[in-house]
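A look at the structure
Here are the chains, one letter per residue:
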Amino acid sequence: MAAAPTAERFEFPGGAGSPLAGVLHRPGSGTQVAGAALLCHCFTCSKDLFTTTRIAKGLATGGYLTLAFDFTGLGESGGELADTTVATNVSDITAAAVALIRRGAGPCVLVGHSLGGAAAVLAASRLHTVAQVVAVASPASVAHVEHLFTDDALEQIRSEGSGEVRIGPKPVRIGRDFLEDLHQHDVAAAASSLGRPMLVVQAGADAVVGRGQTEALATAGSAALHTVAGADHLFTDRGHSEELVQTILGWLRGLRA
């Protein structure tokens with residue numbers, strides 16, 4: 001009988017040089033190793049959010065050595081969130097993929113949730129060490145995130161250079177560069193030129209990233225599309241998160257068959 005996955009701390013320098021905190025989830029002894037995975041959390045979230053940890057542990061149980069990490073300025077990682085952009089997120093993903101290769105784990109499947117999924121698609125388009133991409137409740141346009149900010153917050157960010165927004169449980173400070181950078185990336189174009197297998201999983205009751213966005217991303221990337229009926233954006237219900245994990249693992253098994 002296979003043992004439960006184990007976890008260990010894993011730190012590496014991010015794209016801008018700040019130390020990034022990660023957790024390496026290892027398949028338990030007796031589990032056949034299927035490969036490696038790199039997991040990118042949602043906007044203003046962290047590697048320790050229940051959504052991220054459930055995916056990471058599920059992938060490890062399925063045989064994938066999985067690295068989940070905090071983007072610059074979030075969780076336990078160094079740096080300031082107000083200084084980050086989608087471009088710096090892409091750099092962090094690139095640094096994490098390099099760290100995995102140096103650890104002897106690669107090529108990997110790149111899994112991203114929400115804006116982390118959009119950044120994963122952008123990063124994968126320039127990373128030869130990524131074999132497959134999974135985008136979970138991710139938008140086809142990173143500019144879509146602007147709708148999460150109030151008009152007052154947007155005005156403050158544009159006029160003062162930074163401002164506080166509340167998306168998760170506590171307010172975070174976002175910089176003007178973040179807003180301007182949102183319009184510099186074409187996620188749909190990156191997906192269309194990916195040239196590697198891609199899976200898009202959408203939450204059926206997603207009130208943050210709508211079905212139109214996830215379906216547009218799947219269409220652009222000629223991706224397999226699966227809908228977890230009734231799931232919210234964070235796949236809060238354990239049954240929904242289990243379906244999410246099993247969908248990813250089943251898709252990966254199909255590719256190996």
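Residues numbered from 1 in each chain as written. Predicted model: local features only at pLDDT ≥ 70, side-chain atom pairs only at ≥ 80, totals over all residues. Heavy atoms only, no water.

Some points on the state of the cysteines
Covalent bonding between the sulfur atoms of two cysteines defines a disulfide. What counts, and what does not: By definition, disulfides here are pairs of cysteine sulfur atoms that lie within 2.5 Å. For the exposure calls, accessible area comes from a 1.4 Å probe over protein chains only, and a residue counts as buried if that area is under 20% of its type's maximum, exposed if over 50%, partly exposed in between.
What the rule picks out here adds up to one disulfide. With no disulfide of its own, Cys40 lies closest to Cys108 among cysteine sulfurs, the gap being 8.7 Å. Judged by its relative accessible area of 1%, Cys40 falls in the buried class. Exposure remark for Cys108: the relative accessible area of 3% places this residue in the buried category.

Comments concerning the environment of Phe10
For the record, the criterion: Working definition: helices are DSSP H or I runs of at least four residues, strands are E runs of at least two. Numbering for both runs from the N terminus. Residue contacts are counted whenever heavy atoms from the two residues lie within 4.5 Å of one another.
Considering the arrangement of structural elements, one finds Phe10 in strand E1 (residues 6-13). The class for Phe10 is buried, based on a relative accessible area of 8%. The spatial distance from the C-alpha of Phe10 to the C-alpha of Leu127 is 21 Å, given a sequence separation of 117 residues. When near neighbours in sequence (up to four residues on either side) are disregarded, Phe10 contacts Leu20, Ala21, Gly22, Leu24, Leu67, Ala99 and Arg103.

Concerning a negative patch on the surface
Put simply, the test is: Each patch groups residues whose relative accessible area exceeds 30% and which form no salt bridge, using 9 Å between like charges and 5 Å between nonpolar side chains of Val, Leu, Ile, Met, Phe, Trp and Tyr. Each accessible area is a Shrake-Rupley estimate made with a 1.4 Å probe; only the visible protein chains count as cover when residues are assessed. Whenever a carboxyl oxygen of Asp or Glu lies within 4 Å of a side-chain nitrogen of Lys or Arg, that contact is scored as a salt bridge. For this count, His and the chain ends are skipped, Lys and Arg are scored as positive, and Asp and Glu as negative. The atoms used to mark charge sites are NZ of Lys, CZ of Arg, CG of Asp and CD of Glu.
Judged by side-chain charge, Glu80, Asp83, Asp177 and Glu180 come together as a negatively charged surface patch. Mapped onto the elements, Asp177 comes out in helix H5 (residues 176-181).

A closer look at the pattern of salt bridges
Oppositely charged side chains are able to pair whenever their charged atoms sit close together. Scanning all chains against the criterion turns up seven salt bridges. Taking the shortest distance from any N to any O, the salt bridge between Arg26 and Glu8 comes out at 2.8 Å. Here Arg26, found in strand E2 (residues 19-26), pairs with Glu8, found in strand E1; they are 18 residues apart in sequence, far enough to count as distant. On the accessibility criterion, Arg26 (29% relative accessible area) is partly exposed.

Overview of the environment of Glu164
Among the secondary structure elements, Glu164 is positioned in strand E7 (residues 162-166). Taking the relative accessible area as the measure of exposure, Glu164 reaches 45% and is therefore partly exposed. A C-alpha to C-alpha distance of 8.9 Å links Glu164 and Gly175, two positions eleven residues apart in sequence. Apart from residues no more than four positions distant in its own chain, Glu164 is found in contact with Ala153, Gln156, Pro171, Val172 and Arg173.

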